[in-house]
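Chains, contacts and geometry: an overview
Spelled out, the chains give:
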Amino acid sequence: SYNACREKVAAILDNSTSTQDAIDLLIEQIQYHLTFVGIFCREEVDAYQIFESLNSTGLSLSPAEQLKNLLLMRSHKRDETLSGWESIIDMVGERDIVEFLAHYLFFKKHKRISKKDIYVDFKKMLDNQTVSTLLEDLKTCAGAYRDIRHPSADCPASNILLDLSDLGVKQAYVPLLAGGIRFGTKSKEFSRFADSVLVFIARHLVCDQSSNKLDAVFGEACRLLVDESQTVEDAVRYFKHSQMTDSDFRHHFAQLSFDYSAKPQRIAKTLLRRI
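None of these values were measured; they are calculated from a predicted model.

Basis of the calculations
Residues numbered from 1 in each chain as written. Predicted model: local features only at pLDDT ≥ 70, side-chain atom pairs only at ≥ 80, totals over all residues. Heavy atoms only, no water. Axes fitted to C-alpha atoms, helices over the stretch in contact; angles between N-to-C directions. Helix = DSSP H or I, 4+ residues; strand = E, 2+ residues; numbered from the N terminus. Left-handed = near helix turned anticlockwise from the far one by under 90°. Contact = heavy atoms within 4.5 Å. Nonpolar A, V, L, I, M, F, W, Y, C, P; charged D, E, K, R; others polar. Patch = residues over 30% accessible without salt bridge, like charges linked within 9 Å, V, L, I, M, F, W, Y side chains within 5 Å. Areas by Shrake-Rupley, 256 points an atom, 1.4 Å probe, with all protein chains shown as cover. Salt bridge = Lys/Arg side-chain N within 4 Å of Asp/Glu carboxyl O. Lys, Arg positive; Asp, Glu negative; His and termini not counted. Charge placed at Lys NZ, Arg CZ, Asp CG, Glu CD. Phe/Tyr/Trp six-rings, centres within 6.5 Å; stacked < 30°, edge-to-face > 60°. Buried < 20%, exposed > 50% of the residue type's maximum accessible area, 1.4 Å probe, protein only. Expected span 1.5 Å × (residues − 1).

Some thoughts on the packing of helix H8 (residues 131-149) against helix H10 (residues 173-183)
Orientation of H8 relative to H10, taken along the N-to-C sense of each, is 120 degrees, at an axis distance of 9 Å. Two packed elements cross with a definite hand, and for H8 against H10 that hand is right-handed. Residues Thr140, Cys141, Ala144, Tyr145, Ile148 and Arg149 of H8 pack against Tyr173, Leu176, Leu177 and Ile181 of H10. Here the contact of H8 with H10 is composed, by residue class, of eight nonpolar, one polar and one charged.

Dropping the structure here:
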């Protein structure tokens, strides 16, 4: 904040014909047009509750920022909670954290959760479990999510995951997260499972199906994967049963055309490579 203000002041002085006039105007703005509001709280918990109330009427925060505040508000070990949250951010990245939280809730609840409901759903989850338990589960899932979104070269499913990334269907990360937690992202079982998801997605795209149809399929896949009695064979069979048929695929594939822009060309190359 200090550096940002310093740069702004320097820019004002550099661009002004009269340095003294610029300084006088800046002082006037600070003295008469800038308001500081001090809020004094009796306890640390009160501070987080007031923050939550003020935020509901002020500038909106991201669901991730709201969740961080909630975790700190409910925690009895603030430093430990903050460290756990930062490790999740390190694994997932600031840019993808909100998407990860939405995918995590989809995986847990077996249905899509909109970004505006992320905070409310986590708040309900914390009514039935401790902050430390939720954080540990989030960290486990964040590690699997990182391996899926950014696979290492030694991951057996790396080529499959890179192809899935090129197809650009981010909803696919939900069943992949469920599969990664169930089988482990470095296992042969996960590689087999990921391949069945890729075939399903490829056929779905070629046959020009609505993305809304994916929610029901992926929700049921998550439900299947948390059932310990179900095997990787059951999961593969489920996606094969859910995918478009060979005849539908051939019919639509024969009519495909792709624009000469980056994304369509990337999809075309991925489909040809898979074939």
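Section: a negative patch on the surface
A surface patch of negative charge is lined by Glu65, Glu86, Asp90 and Glu94. Following the sequence through the fold, glutamate 86 ends up in helix H5 (residues 78-92).

Topic: the packing of aromatic side chains
Scanning the model with the defined rule gives 11 aromatic pairs in all. Between tyrosine 104 and phenylalanine 122 the ring centres are 5.9 Å apart and the planes differ by 10 degrees, which places this aromatic pair in the stacked class. Highlighted residues: tyrosine 104 in helix H6 (residues 97-109) and phenylalanine 122 in helix H7 (residues 118-125), separated in sequence by 18 residues. With respect to class, tyrosine 104 is no different from phenylalanine 122; both count as buried. Ring centres of tyrosine 145 and tyrosine 173 lie 6.2 Å apart, and the angle between their planes is 65 degrees; this geometry places the pair in the edge-to-face category. Within this pair, whereas tyrosine 145 is found in helix H8, its partner tyrosine 173 is found in helix H10, the two being separated by 28 residues in sequence. Taken individually, tyrosine 145 and tyrosine 173 each receive the classification buried, so the pair is uniform in this respect. Within the aromatic cluster, the residues linked to one another by ring pairs are Phe183, Phe193, Phe200, Phe218, Tyr238 and Phe239.

Concerning helix H11 (residues 188-206)
Helix length check: H11, at 19 residues, gives a terminal C-alpha distance of 27 Å against a target of 27 Å (1.5 Å per residue), a fit within 8%. Residue aspartate 208 follows H11 closely and has a positive phi angle near 55 degrees.

Regarding unusual backbone geometry
One non-glycine residue, histidine 110, lies in positive phi territory at about 65 degrees. By secondary structure assignment, the location of histidine 110 is in the loop between H6 and H7. With a phi angle near 55 degrees, aspartate 208 is a residue other than glycine that sits in the positive phi range. Counting through the fold element by element, aspartate 208 comes out in the loop between H11 and helix H12 (212-225).

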